[in-house]
Amino acid sequence: MAIPYNRRTHRCGELRAADIGREVVLAGWVNRARDHGGITFVDLRDHTGITQLRFDPASAAGPHDTARTLHNEDVIAATGKVVGRGEWVNPKLPTGEIEVQVSAVDVLSRSDPLPFQVNDDFEAGEDLCLRYRFLHLRRPEMQARLRLRHAIAAAIRAYFHEHGFIDVETPFLTKSTPEGARDYLVPSRVRPGTFYALPQSPQIFKQLLMIAGYDRYAQIVRCFRDEDLRADRQPEFTQLDMEMAFVQREDVMNVVEGCVQRIFKEALGIDIPLPLPRMTEHEAMNRFGIDRPDTRFGLELQDVTELVRGTEFSVFREAIDKGGVVKCIVASGGDLLTRKVTDGLGDEILGIGGAGLPLTKVAQGAGGLEFATGIAKHIQPLAAQLCAQVGAKAGDTIFFMPGALADVCKYLAHLRGRLGSIMKLVPEDKWNLLWVIDFPLLVWDETEKRWFSTHHPFTAPLDEDIPLLDTDPGKVRDKAYDLVLNGTEMAGGSIRIHQQAVQKKIFGLLGIGEQEAKEKFEFLLDALRFGAPPHGGIAFGLDRWAMMLSKSESLREVIAFPKTQRAVCPLTNAPSPVSQAQLDELFLSVKPLPKK
RNA sequence: GGGGCCGUAGCUCAAUUGGUUAGAGUACCGGACUGUCGAUCCGGUGGUUGCGGGUUCGAAUCCCGUCGGCCUCGCCA
């Protein structure tokens, strides 16, 4: 008599003491079997948990014989009665008060010996985990991550549906865009020699939808970028892409905040108070040296340029003479900031392009606070005044950074992050969300001697700054907004330009001539000519949300079938060569690899 | 493209820093055991130390190259 595995009465994590006496049907994977010669126990696992099955030779000889043959990851169905465990309760399991006294068992599928164990904590090599991803995904941690990811996606879909947004699908086979990341290309068979590009984002399509009168659009959509991978970067990734018409910046931010609140509530059960804090890009750079500050801890940057302006110390002197600044971070690191540690930090600064990390320690001298080590001898006369200004006490370490403002910010932002973790100042249970707004619309590139968009060329300037486009373009702020969570950029968007005149002016500043603009963005420019409503939107990195909310180290942990650093899928072995026939059909030939 | 770390049994790791026959846990195979829950106990199979070259009396260990994985800089509007 076959066990009706399609009529499971419970999942493996569900049974409790209240169920004692019930006849149940369970099915799942053998997590572990313990054969005592007589009585045999089998831990049966599914995604909800584990239930102990009890096979007693006295009451059910046949099932007991079967149980003795079971191995890890065999798939079985069993039926029996839920019984109490008496004195043998296992407090480690939610189902530990009961077990199932098995009366019949079917082996639905046997497992070969495993390349790695599903039921233990040893993390197999990552390539092996990806090669046998279906096994790795059986593990409870992976189950939890993918289910959390689903909860986030489900919250997003429900929220936008309830707020009147519609999901419109945009093409994957689309046009290569000249700027931005490298495109993934797909050859056309019917127009040999031409190529589609997979979209880096549906940016232009969603703007066209606004112009087409679909005033609230939201889509969870795959995007593709052929660039080198990182722990937080995959060649294909998923965005929540959203756009609204007839809105100002506040409207978009309000809708997004509501969505964020919903995500935290439904995925983690956490209440996020609204509205979220806002900070201008200027303030963020000033205080944290970065436009996506982690506000969970202090160690803010302090400007001491004026105070050290008169110093003879050549390292500071030269920076200031070149129009740069001197900023510092005061760290009450105590014994954590040993010579070895600070030397290491200095090496890191060198590694990211800095010239070094001048520092000193504050000590209590006879006549007040004085500088002890490092660059002490160069700036000793400033000790009292400097310590007073930056709030340094005896025992503190002051890290200085002289140079051009942008460089100083870069190095001190890096340092701040490292100090935060070395000094264990980062509270792991906090979720610090904030908006960063008022970015510069344009940044000057000294190497290419031209302006670049901070975000993209369709980002609208602040209305009050539009006159500055003619006089001082670098001062123009934009209507962009980035959502930052614990120092990570989680979403970014803007109000878009909906007026031809402004768009033309921006293209002019970017050095994009009329001819070039027409070639690259003709369809968007066309659309702007035929009645474009004011509009704006945002894109969330869904993978990154899942990674952050599950506190994962890597994007690969929240993607079911991710790729390795060389963009290979070890499971399917993609990418792989194709047949000559396939190439012929596309009129493609493959060049031989260059010899070394 | 640059820099760094890593690669030893199916898996996770060790090997006294160049020295005898490369070990342990786990998995797997055989045996014992009626209350385990990382079961226990006894026995066993399992190794091209990623691959190729070099140095050496002797290489898992040192050197060069190469392949793969991870981290990172560049790159990612």
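Computed from a predicted model, the values in this text were never measured in an experiment.

1. A closer look at the overall build of chain A
Reasoning step 1: Each helix and strand counted, chain A has 17 helices and 21 strands in total.
Reasoning step 2: Within chain A, buried positions represent 47% of all 596 residues.
Reasoning step 3: At a minimum sequence separation of 6, the contacts of chain A that also span at least 24 residues come to 66%.
Reasoning step 4: In the structure as shown, chain A presents an accessible area of about 30,000 Å², 53% of it carried by carbon and sulfur atoms.
Reasoning step 5: Between the mean site of the 72 positive side-chain charges and the mean site of the 80 negative ones, chain A shows a separation of 3 Å.

2. Considering the sheet that holds strand E8 (residues 216-224)
Reasoning step 1: Pairing is mixed across the open sheet formed by seven strands, whose spatial order is E8-E9-E21-E20-E19-E16-E10. Among the strands making up the open sheet, the edge pair consists of E8 and strand E10 (278-280). Averaged over all neighbouring strand pairs, the angle between strand axes comes to 20°, with direction disregarded.
Reasoning step 2: Relative to strand E19 (residues 480-485), strand E16 (residues 433-437) runs antiparallel, the two sharing five bridges. Residue Ile437 lies in a different strand from E19, and its bridge partner there is Tyr481.

3. Observations regarding the protein's contact with RNA strand B
Reasoning step 1: The environment of RNA strand B is made up of 45 residues, and the closest members are Arg32, Arg54, Trp88, Gly125 and His455.
Reasoning step 2: A share of 52% is what sugar and phosphate atoms reach among the atoms of RNA strand B within 4 Å of the protein.
Reasoning step 3: Asp228 is positioned such that a nitrogen or oxygen atom in its side chain is 2.6 Å from a base nitrogen of RNA strand B.
Reasoning step 4: For the surface near RNA strand B, the elements supplying multiple residues, two or more each, are strand E1 (23-35), strand E2 (40-46), strand E3 (49-55) and helix H2 (126-131).
Reasoning step 5: For the surface near RNA strand B, the class distribution of residues is 10 nonpolar, 15 polar and 20 charged.

4. Looking at the sheet that holds E1
Reasoning step 1: Taken in spatial order, the five strands close into a barrel running E1-E2-E3-E5-E4, and their pairing is mixed. With direction set aside, neighbouring strand axes in the sheet form an average angle of 55°.

5. A word on the side chain of Thr95
Reasoning step 1: Within the secondary structure, Thr95 is located in the loop between strand E4 (75-84) and strand E5 (98-109).
Reasoning step 2: Ignoring any residue separated from it by four or fewer positions in sequence, one finds Thr95 in contact with Cys12, Gly13, Glu14, Leu15, Arg16, Ile50, Thr51 and Arg85.

6. Quick notes on unusual backbone geometry
Reasoning step 1: Following Leu274, the chain continues into Pro275 via a peptide bond in cis, with omega recorded as -5°.
Reasoning step 2: Relative to the helices and strands, Pro275 is located in the loop between helix H6 (249-268) and E10.
Reasoning step 3: The omega torsion of the bond from Ala574 to Pro575 falls at 0°, within 30 degrees of zero and hence cis.
Reasoning step 4: The backbone phi angle of Phe587 is positive, close to 55°, even though this residue is not glycine.
Reasoning step 5: Mapped onto the secondary structure, Phe587 falls in the segment after helix H17 (580-585).
Reasoning step 6: Taking relative accessible area as the criterion, Phe587 reaches 65% and is therefore assigned exposed.

7. Topic: the state of the cysteines
Reasoning step 1: Tallied over the entire structure, the rule returns zero disulfides.
Reasoning step 2: Not engaged in a disulfide, the cysteine Cys223 finds its nearest cysteine sulfur in Cys259; these two sulfurs lie 16 Å apart.
Reasoning step 3: Residue Cys569 stays outside any disulfide, its sulfur separated by 13 Å from that of Cys129, the closest cysteine.

8. Considering the pairing of E5
Reasoning step 1: Relative to E5, E3 runs parallel, the two sharing two bridges. Within the sheet, the bridge partner assigned to Leu53 lies in E5 and is Val100.
Reasoning step 2: Relative to E5, E4 runs antiparallel, the two being bridged by 10 bridges. Paired with Gly84 across the two strands is Ile98, which belongs to E5.

9. Some points on the nonpolar core
Reasoning step 1: Membership of the largest hydrophobic core comes to 63 residues, with the highest contact counts inside it found for Ile152, Phe160, Met242, Phe540, Trp545 and Leu549.
Reasoning step 2: Not counting residues within four places of it along the chain, the set of residues in contact with Trp545 comprises Ile152, Val260, Ile263, Phe264, Leu433, Leu483, Met490 and Phe540.
Reasoning step 3: Core analysis: the next-biggest nonpolar cluster, separate from the first, contains 22 residues, Val304, Phe316, Val326 and Cys328 among them.

10. Topic: the side chain of Ser554
Reasoning step 1: With respect to the element layout, Ser554 can be found in the loop between helix H16 (542-549) and H17.
Reasoning step 2: Of note is the side chain of Ser554, whose polar atom sits 2.9 Å from the backbone nitrogen of Arg556.
Reasoning step 3: With near-sequence residues (within four places) excluded, Ser554 lies in contact with Ala231 and Met547.

11. Digging into helix H8 (residues 314-321)
Reasoning step 1: Among all positions in H8, only Phe316, Ala319 and Ile320 are buried. Along H8, the residues classed as buried sweep out an arc of 95° about the axis, all on the same side.
Reasoning step 2: On its buried face, H8 sits against strand E12 (325-331), helix H10 (376-379) and strand E15 (397-403).
Reasoning step 3: Gly323 lies just past H8 and shows a positive phi near 90°.

12. A closer look at the packing of helix H4 (residues 140-162) against H6
Reasoning step 1: In contact at an axis separation of 9 Å, H4 and H6 are set at 140° when each is read in the N-to-C sense. It follows from the interaxial angle that H4 and H6 lie oblique. Considering the relative orientation of H4 and H6, their crossing is right-handed. Only Asn254, Val255, Gly258, Cys259, Arg262, Ile263, Glu266, Ala267 and Leu268 of H6 make contact with H4, whose side of the interface consists of Leu148, Ala151, Ile152, Ala155, Ile156, Ala158, Tyr159, Phe160 and Glu162.
Reasoning step 2: Of the residues that constitute the contact of H4 with H6, the class distribution is 13 nonpolar, two polar and three charged.

13. Here's the deal with the packing of H4 against H16
Reasoning step 1: Their axes nearest at 9 Å, the elements H4 and H16 cross at an angle of 125°. Judged on the interaxial angle alone, H16 and H4 are oblique. Both H4 and H16 take part in a crossing whose hand is right-handed. Judged by residue contacts, Leu148, Arg149, Ile152, Ala153 and Ile156 of H4 engage Leu542, Asp543, Trp545, Ala546 and Leu549 from H16.
Reasoning step 2: Counted by class, the contact of H4 with H16 contains eight nonpolar, no polar and two charged residues.

14. Examining the pattern of salt bridges
Reasoning step 1: Applying the stated criterion to the full structure yields 40 salt bridges.
Reasoning step 2: The shortest N-O distance in the salt bridge between Arg138 and Glu73 comes to 2.9 Å. Taken as a pair, Arg138 in the loop between helix H3 (133-136) and H4 and Glu73 in the loop between helix H1 (61-67) and E4 lie far apart in primary sequence, 65 residues in all.
Reasoning step 3: Residue Arg138 is classed as partly exposed on the basis of its relative accessible area, which comes to 23%.
Reasoning step 4: Judged by its relative accessible area of 3%, Glu73 is buried.
Reasoning step 5: Between Asp438 and Arg249 there is a salt bridge; the shortest N-O distance is 3.0 Å. Of this pair, Asp438 sits in the loop between E16 and strand E17 (442-445) while Arg249 is found in helix H6, placing the two residues 189 residues apart along the sequence. Pair check on accessibility: Asp438 and Arg249 agree, each one buried.
Reasoning step 6: Each of Arg54, Asp56, Arg85 and Glu99 takes part in a single network of salt bridges with overlapping partners.

The rules behind these values
Residues numbered from 1 in each chain as written. Chains lettered and ligands numbered in written order. Predicted model: local features only at pLDDT ≥ 70, side-chain atom pairs only at ≥ 80, totals over all residues. Heavy atoms only, no water. Helix = DSSP H or I, 4+ residues; strand = E, 2+ residues; numbered from the N terminus. Buried < 20%, exposed > 50% of the residue type's maximum accessible area, 1.4 Å probe, protein only. Contact = heavy atoms within 4.5 Å. Areas by Shrake-Rupley, 256 points an atom, 1.4 Å probe, with all protein chains shown as cover. Lys, Arg positive; Asp, Glu negative; His and termini not counted. Charge placed at Lys NZ, Arg CZ, Asp CG, Glu CD. Pairing = 2+ DSSP bridges. Axes fitted to C-alpha atoms, helices over the stretch in contact; angles between N-to-C directions. Near = heavy atom within 4 Å. Polar contact = N/O pair within 3.5 Å; in protein donor to acceptor, adjacent residues only side chain to side chain. Nonpolar A, V, L, I, M, F, W, Y, C, P; charged D, E, K, R; others polar. Disulfide = S-S within 2.5 Å. Core = buried A, V, L, I, M, F, W, Y, C linked by side-chain atoms within 4.5 Å. Arc of directions from axis to C-beta. Parallel < 35°, antiparallel > 145°, perpendicular 65-115°, else oblique. Left-handed = near helix turned anticlockwise from the far one by under 90°. Salt bridge = Lys/Arg side-chain N within 4 Å of Asp/Glu carboxyl O.

Note that every value here comes from positions in space, so none of it alone points to a role or purpose.
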